[in-house]
Amino acid sequence: MTSETGSAGAPNPDELPKMSDKRLLRVLHGEAVWPPPVWLMRQAGRYLPEFRALRAQADFITRCMTPDIATEITLQPIRRYGMDGAILFSDILILPWAMGQSLEFVDGVGPVLEPVRRAADLDRLRPERVAEATAPVMETLRRLRRALDVPGEAALGVGQDGATALIGFAGAPFTVACYMVEGGGSKEFAETRRMAYAEPALFDRLIDLLTEATAAMLCAQIEAGAEAVMLFDSWAGLLPPAQFERQVIEPGRRIASEVRRRHPSVPIVGFPRLGGLLVGRYASQTGIDALALDTSADLALAAGLVPPGLALQGNLDPLCLLAGGDALPAAAETIRSTLRGRPHVFNLGHGVLPQTPPEHVGALVEAVRRPW
Ligand code: 1CP
C-alpha cells in the first residue's frame, strides 16, 4: 500500500519525468505514436480479484474517499498490465454527493439518489462545499502522481516508473443531471429529458451549476497532479441535435475553455457517448484535445469528421474483450491499423465488464503493443 510512502506533499517537479516523455500525453497533444498507448475505461474494477478483495473492506463512497484504498485500487491494473494511463478511482456521482445530494450505491441496483426535481431541491445544493468534501480525492491524486513517477514508490514493475500518465475525470453536466433528476440509473432518463423541454429555466439552472462546479473540480484535480482530464457524457446519445447542442456541446465548451484558461497545457478528452454524427461538431465546437469514441463509431468515418491533429480514443467492444480468443487480437489490429499515422489512444468503446477474464486484458495489451 502507498500508505508506506507517508504523507504525500506536492511532488518535487524536478523529480518527475517531463510530460512529453509519456506516450499517452504525446498523443493527446496531437502526436501520432506507434504502437498506440493503451488504457481501458473501468480498468480498475470487479474483474480483478485484487479489487474484489479490497471491495469487502468498505462501501463504495468510503473507498473513493479513503486515499489509501483509492490509490491502491487505481494502481492495481498498472502493476498487472503496465497501462499507459491510470484513471483516478472515483465516480462521476461524487460531485452531486459533495454538493449535498444523498447518494448510496446499492449492490445489484447501482446508484440511488434523492431526486432533484424542483427549484427548492436545487436551492439545497451546496457547490461551495465541493472543495472541502473532495479534499481526500485530491490527496489520492497527489499520492498517485508520486507513486507513478517517483522510481520505486509503488513497485510498478520494470519500465513502468514514470511511463504512466495520471488521468482525472468528471461526469459531463448532462449525464450527471440525468442521475440527479432521475434519482438513479435508467434506460431512457425520461424525467430528465422531460424537464429539459418542459422547464427549461430550471434545467438550465442545474446545467449551469454543474458546468461551473465541474470546471472547478477538474482544475482542482489538475492542481493535485492529474496530467489529463476526461469528461464522461455517457448519455449524450439520448438527445436530438438541438438538445445535444444545448446540453452537451455548450457545457462541454464552457468547461474546456475554463480548464484551458487555467491550465493551458493539460489535455482534455471528451466522451459524448453514442453521439453518432454529432461527435464531429462536438469535437470542433467544444475545443477538446481528444475525442473518445464509443463502440458504435466507425473509426474511419469518425476520423473524417474531426480536425486531423485531434486525437481519437477507442473503441474496442467490451464484449469482444470479454469473449477473448482469436477475435480479440484481430479486432485490436483492425482498430490500431485504421488509425495508424494519426494520434490515437487505444481504449474500449465503454467500460470493462465485470465478467471479463483478467488474462484477456493482458492479451489485449500485448496485441496493441506489437511493434510491427
Ligand atoms: O463496487 C462497485 O461495484 C461499484 C461499481 C463502480 C465503479 C468501480 C461504480 C458505481 N463506479 C465505479 C468507478 C468509476 N466510475 C470510474 C473509475 C475509474 C475506472 O474507469 O476504472 C469511472 C471513470 C466511473 C465513471 C462513471 N460512473 C460513469 C461514466 C462512464 C460510463 O460507464 O458510462 C457513469 C455513468 C457512472 C455511474 C455509475 N457509477 C457506478 C455505477 C454502477 C454506475 C452506472 C449506473 C447506471 O447507469 O446504471
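Residues numbered from 1 in each chain as written. Predicted model: local features only at pLDDT ≥ 70, side-chain atom pairs only at ≥ 80, totals over all residues. Heavy atoms only, no water.

## Examining helix H17 (residues 358-368)
Turning to H17, its buried residues number three or more, namely Pro358, His360, Val361, Leu364, Val365, Ala367 and Val368. Of the surrounding secondary structure, the elements contacted by the buried residues of H17 are helix H2 (49-55), helix H4 (67-81), strand S8 (311-316), helix H15 (318-323), helix H16 (327-338) and strand S9 (344-348). (Buried < 20%, exposed > 50% of the residue type's maximum accessible area, 1.4 Å probe, protein only. Helix = DSSP H or I, 4+ residues; strand = E, 2+ residues; numbered from the N terminus. Contact = heavy atoms within 4.5 Å.)

## Examining unusual backbone geometry
Of the consecutive residues Trp34 and Pro35, the connecting peptide bond is found in the cis state with omega at -10 degrees. A cis geometry characterises the amide bond from Gly314 onward to Asn315, with omega recorded as -15 degrees. Structurally, the position occupied by Asn315 is in strand S8. Unusually for a residue other than glycine, Phe189 sits at a positive phi of about 45 degrees. In this structure, Phe189 sits in the loop between helix H9 (173-182) and helix H10 (190-198). On the accessibility criterion, Phe189 (0% relative accessible area) is buried. Unusually for a residue other than glycine, Leu274 sits at a positive phi of about 60 degrees. Summarising the element assignment, Leu274 is placed in the loop between strand S6 (268-272) and helix H13 (278-286).

## Concerning the site of the ligand
If you check the shell around the ligand, you find 22 residues, and the closest are Arg42, Asp91, Tyr179, Ser234 and His350. One nitrogen or oxygen atom from the side chain of Arg55 is found 2.8 Å from an oxygen atom belonging to the ligand. With the chains in place, 85% of the 900 Å² that the ligand exposes on its own is no longer accessible. Tallied by class, the residues present in the shell around the ligand amount to twelve nonpolar, five polar and five charged. (Near = heavy atom within 4 Å. Polar contact = N/O pair within 3.5 Å; in protein donor to acceptor, adjacent residues only side chain to side chain. Areas by Shrake-Rupley, 256 points an atom, 1.4 Å probe, with all protein chains shown as cover. Nonpolar A, V, L, I, M, F, W, Y, C, P; charged D, E, K, R; others polar.)

## Side note on the pattern of salt bridges
Evaluation of the coordinates by the stated rule reveals 29 salt bridges. In this structure, Arg23 and Asp84 form a salt bridge, with 3.7 Å as the shortest nitrogen-oxygen distance. Highlighted residues: Arg23 in helix H1 (residues 23-28) and Asp84 in the loop between H4 and strand S1 (85-87), separated in sequence by 61 residues. Between Asp68 and Arg143 there is a salt bridge, with the nearest N and O atoms lying 2.7 Å from each other. Residue Asp68 is located in helix H4, and its partner Arg143 is located in helix H8 (residues 135-149); the two are separated by 75 residues in the primary sequence. The exposure class of Arg143 is buried, given its relative accessible area of 15%. When salt bridges with common partners are traced through the structure, they connect Lys22, Arg145, Asp149 and Glu227 into a single cluster. (Salt bridge = Lys/Arg side-chain N within 4 Å of Asp/Glu carboxyl O.)

## Regarding the packing of aromatic side chains
Here a ring pair, both rings aromatic, is described through the centre-centre distance and the interplanar angle of the planes. Within the structure shown, the criterion is met by seven aromatic pairs. Ring centres of Phe232 and Phe271 lie 6.2 Å apart, and the angle between their planes is 80 degrees; this geometry places the pair in the edge-to-face category. Remark: Phe271 occurs in strand S6 and Phe232 occurs in strand S5 (residues 228-233); sequence separation between them is 39 residues. Three or more aromatic residues link up through ring pairs in this structure, and these residues are Phe51, Phe60, Phe89 and Phe105. Here Arg273 stacks its cationic end above the ring of Trp235, 5.1 Å away from the centre of that ring. (Phe/Tyr/Trp six-rings, centres within 6.5 Å; stacked < 30°, edge-to-face > 60°. Lys NZ or Arg CZ within 6 Å of the ring centre and 35° of its normal.)

## Thoughts on the pairing of S6
Of all five residues in S6, five are buried, a share of seventy percent or more. Side chains Ile268, Gly270 and Pro272 project from S6 onto one buried face, and the interleaved Val269 and Phe271 project onto a second face that is buried too. Here S5 pairs with S6 via five bridges, running parallel. Note that in S6 the partner of Phe232 across the bridge is Phe271. Taking the sense of rotation as the criterion, the β-α-β connection linking S5, helix H12 (residues 241-262) and S6 turns out right-handed. Relative to strand S7 (residues 290-292), S6 runs parallel, the two being bridged by two bridges. By the bridge assignment for S7, Val269 is matched with Ala290. A crossover connection joins S6 to the parallel S7 through H13; in handedness this β-α-β unit is right-handed. (Pairing = 2+ DSSP bridges. Right-handed = clockwise from strand over helix to strand, strands pointing away.)

## Considering the sheet that holds S1
Strand order in the open sheet formed by seven strands is S1-S4-S5-S6-S7-S8-S9, with parallel pairing between adjacent strands. The sheet terminates laterally at S1 and S9, the two strands that pair on one side only. Taken pair by pair, the neighbouring strands of this sheet meet at an average axis angle of 25 degrees, ignoring direction. Pairing analysis gives five bridges linking strand S4 (residues 165-171) to S5, with the strands arranged parallel. Each residue of the ladder has a partner; that of Ala170, found in S5, is Leu231. Sheet strands touched by H13: S5, S6 and S7. Its angle to S6, the strand with the most contacts, is close to 155 degrees. (Axes fitted to C-alpha atoms, helices over the stretch in contact; angles between N-to-C directions.)

Function-wise, these values are silent; they only describe arrangement.
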